[in-house]
Amino acid sequence: MAEFLYRLCSDEFDVSPVGLTFWDGGHLSFVHWRKAQRRWQEGRNPETGDPDPYAGEFGP
């Protein structure tokens, strides 16, 4: 199981071994929920940390 998860996260499969819902072929990364929350509160994308062009448009 550990090897499967390693290969899945390392994008070592030619064909997706899981459902398309979970697989987009993009780069995988982990962001701690506190860091994601802090980024969101600062108006940045919680996953990448890049400036969010839509920040502040949908909240109070």
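Peer 1: In this structure, what is going on with the overall build of the protein? I would like to understand it.
Peer 2: What the protein contains, in helices and strands, is two helices and zero strands. Carbon and sulfur atoms make up 55% of the accessible area of the protein, which amounts to about 5,500 Å² in all.

Peer 1: Even after reading the chapter, I still don't get a nonpolar patch on the surface, so can you show me in this structure?
Peer 2: A cluster of nonpolar side chains, contributed by M1, F4 and L5, occupies part of the molecular surface with about 320 Å² of accessible area. Note on placement: M1 falls in the segment before α1 (2–9). You can call M1 exposed: its relative accessible area is 72%.

Peer 1: Whenever I open this one, the pattern of salt bridges confuses me. Can you help?
Peer 2: Working definition: two side chains of opposite charge can pair if their charged atoms are close together. Counted by the stated rule, this structure contains two salt bridges. Residues R7 and E12 are paired through a salt bridge, measuring 3.7 Å at the closest nitrogen-oxygen approach. Taking relative accessible area as the criterion, R7 reaches 30% and is therefore assigned partly exposed. Using a relative accessible area of 40% as the deciding quantity, one classes E12 as partly exposed. A salt bridge links R44 to E42; the nearest nitrogen and oxygen atoms lie 2.5 Å apart.

Peer 1: Quick question: what am I supposed to make of the side chain of R39 here?
Peer 2: Tracing the backbone shows R39 in helix α2 (residues 33–41). Look at R39: it is buried, it has no salt bridge, and the nearest opposite charge is E42 at 6.7 Å. Ignoring sequence-local partners within four residues, the contact set of R39 consists of V31, R44, N45, P46, E47, T48 and G49.

Peer 1: Can you help me understand the environment of A36 in this one?
Peer 2: Counting through the fold element by element, A36 comes out in helix α2. If we skip the residues at most four places from it in the chain, A36 touches V31 and P46.

What counts and what doesn't
- Residues numbered from 1 in each chain as written.
- Predicted model: local features only at pLDDT ≥ 70, side-chain atom pairs only at ≥ 80, totals over all residues.
- Heavy atoms only, no water.
- Helix = DSSP H or I, 4+ residues; strand = E, 2+ residues; numbered from the N terminus.
- Areas by Shrake-Rupley, 256 points an atom, 1.4 Å probe, with all protein chains shown as cover.
- Patch = residues over 30% accessible without salt bridge, like charges linked within 9 Å, V, L, I, M, F, W, Y side chains within 5 Å.
- Salt bridge = Lys/Arg side-chain N within 4 Å of Asp/Glu carboxyl O.
- Buried < 20%, exposed > 50% of the residue type's maximum accessible area, 1.4 Å probe, protein only.
- Lys, Arg positive; Asp, Glu negative; His and termini not counted.
- Contact = heavy atoms within 4.5 Å.

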